[in-house]
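Coordinates in review
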Amino acid sequence: DQQVKQNSPSLSVQEGRISILNCDYTNSMFDYFLWYKKYPAEGPTFLISISSIKDKNEDGRFTVFLNKSAKHLSLHIVPSQPGDSAVYFCAARKGTYKYIFGTGTRLKVLA
Amino acid sequence: NAGVTQTPKFQVLKTGQSMTLQCAQDMNHNSMYWYRQDPGMGLRLIYYSASEGTTDKGEVPNGYNVSRLNKREFSLRLESAAPSQTSVYFCASSSGQGTYEQYFGPGTRLTVT
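An account of the accompanying structure is given in this report. Within each chain, residues carry numbers counting from 1 in the order of the written sequence. Throughout, the order in which chains and ligands are written sets their labels, letters from A for the former and numbers from 1 for the latter. In view of the model being predicted, local features appear only for residues whose pLDDT reaches at least 70, and side-chain atom pairs are presented and counted only at 80 or more, with totals across whole chains, interfaces and linings using the full set of residues. Excluding hydrogens and water, the side-chain values take into account all heavy atoms of the structure.

**With respect to the pattern of salt bridges**
Residue and element names in this part refer to chain A. The criterion, for reference: Here, a salt bridge means any Lys or Arg side-chain nitrogen found within 4 Å of an Asp or Glu carboxyl oxygen. Secondary structure elements are taken from DSSP: a helix is a run of H or I of four residues or more, a strand is a run of E of two residues or more, and numbering for both begins at the N terminus. Each residue is placed in one exposure class: buried if its accessible area under a 1.4 Å probe, protein chains only, is under 20% of its type's maximum, exposed if it is over 50%, and partly exposed if it falls in between.
By the definition in use, this model includes six salt bridges over all chains. The residue Arg93 makes a salt bridge to Asp31 at a minimum N-O spacing of 2.8 Å. Pair noted here: Arg93 is in strand E9 (residues 86-94) and Asp31 is in the loop between strand E3 (19-25) and strand E4 (32-38), with a separation of 62 residues, a long-range link. A relative accessible area of 8% places Arg93 in the buried class. Residue classification places Asp31 among the partly exposed residues on the basis of a relative accessible area of 27%. Of the charged contacts, one joins Glu58 and Lys56 as a salt bridge, the two residues approaching to 3.7 Å between their closest N and O atoms. With a relative accessible area of 43%, Lys56 lands in the partly exposed category.

Below is the structure:
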């Protein structure tokens, strides 16, 4: 039972354009959502998060949108840069210490 | 400030062997976690420790044990390794406050033959 789904395994975007990564969830009890970026042979690194009581959070080039009625969140990267090429995971917090991760989307930014 | 460190980086075990994966953090975080990452599965929580002296099961605890040795260190033990435990293991820590992000170590790639 996949509670957090990233349905696109991969995405290619031209440098300078917008990258949009999507994530769907099934559990209404999630209270916090996070995005992580992962390079090969490294651990995930935190990018941005959003509380379930908000619908948007921005940090520089990264914006996360949350649509609670659709149980959908998205990460927008504008403008995309070659260094953004990585695997992106969304995660949802279930209770104080449990996080459910999606399967990841591999983003490739083409120069 | 090294963040979260894990040892070893790579390990090959034979079925039935045991080993302990070590993890340490220098950020004075209360909470620590062990995850495994398998192809197409994302990261799955094995065990977590909310604070020093406590440990709890996550999503996939079978075949593993953990020890929260002190506030800095959280180890994961495989008592009798099985091929199904071939995976990349990540340790993480968090303060449990603010944006609730977790800080991850570089991972241990474990192969069980």
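More follows now that the structure is in view.
**Considerations on the interface of chain B and chain A**
Counted only if it meets this: Contacts were defined at the residue level, with two residues in contact if any of their heavy atoms lie within 4.5 Å. In this description, buried area is defined as the sum, over both parts, of the accessible area (probe of 1.4 Å) that is lost when the two are combined. Here a polar contact means two N or O atoms within 3.5 Å. Within protein one must be a hydrogen donor candidate and the other an acceptor candidate, and residues neighboring in sequence count only if both atoms are side-chain atoms. Residues were grouped as follows: Ala, Val, Leu, Ile, Met, Phe, Trp, Tyr, Cys and Pro as nonpolar; Asp, Glu, Lys and Arg as charged; and all remaining residues, including Gly, as polar.
Contact residues are listed per partner, giving 21 residues for chain B and 18 residues for chain A. Interface area for chain B against chain A, summed over the two sides, is near 1,700 Å², with a carbon-plus-sulfur share of 62%. In this assembly, chain B and chain A are joined by zero salt bridges. For the interface between chain B and chain A, the tally reads two residue pairs in polar contact (both at pLDDT 80 or more). Of all the elements in the fold, those that place two or more residues in the side of chain B that touches chain A are strand E4 (31-38) and strand E5 (42-49) of chain B. Counted by class, the side of chain B that touches chain A contains eleven nonpolar, eight polar and two charged residues.

**Digging into the sheet that holds strand E6 (residues 56-59) of chain A**
Residue and element names in this part refer to chain A. Quick note on the threshold: Two strands are said to pair when DSSP picks up at least two bridges between them.
Pairing is antiparallel across the open sheet formed by five strands, whose spatial order is E1-E3-E8-E7-E6. Each edge of the sheet is formed by a strand with only one pairing partner; in this case those strands are strand E1 (4-5) and E6. With six bridges joining them, strand E7 (residues 62-67) and strand E8 (residues 72-77) adopt antiparallel strand pairing. For Asn67, the partnering residue across the bridge sits in E8 and is His72.

**Digging into the side chain of A:Arg93**
Separated by 2.8 Å, the side chains of A:Arg93 and A:Asp31 make a polar contact. Not counting chain neighbours up to four residues away, the residues in contact with A:Arg93 comprise A:Met29, A:Phe30, A:Asp31, A:Tyr32, A:Lys98, A:Tyr99 and B:Tyr100.

**A word on the pairing of strand E11 (residues 108-112) of chain B**
Residues and elements named next belong to chain B. In E11, alternate side chains face the same way, and those of Thr108, Leu110 and Val112 are buried while those of Arg109 and Thr111 on the opposite face are not. With four bridges connecting them, strand E2 (residues 10-13) and E11 associate as parallel partners. If you follow Phe10 over to E11, its bridge partner there is Arg109. With three bridges joining them, strand E9 (residues 87-94) and E11 adopt antiparallel strand pairing. Counted as the bridge partner of Ser87 is Leu110 from E11.

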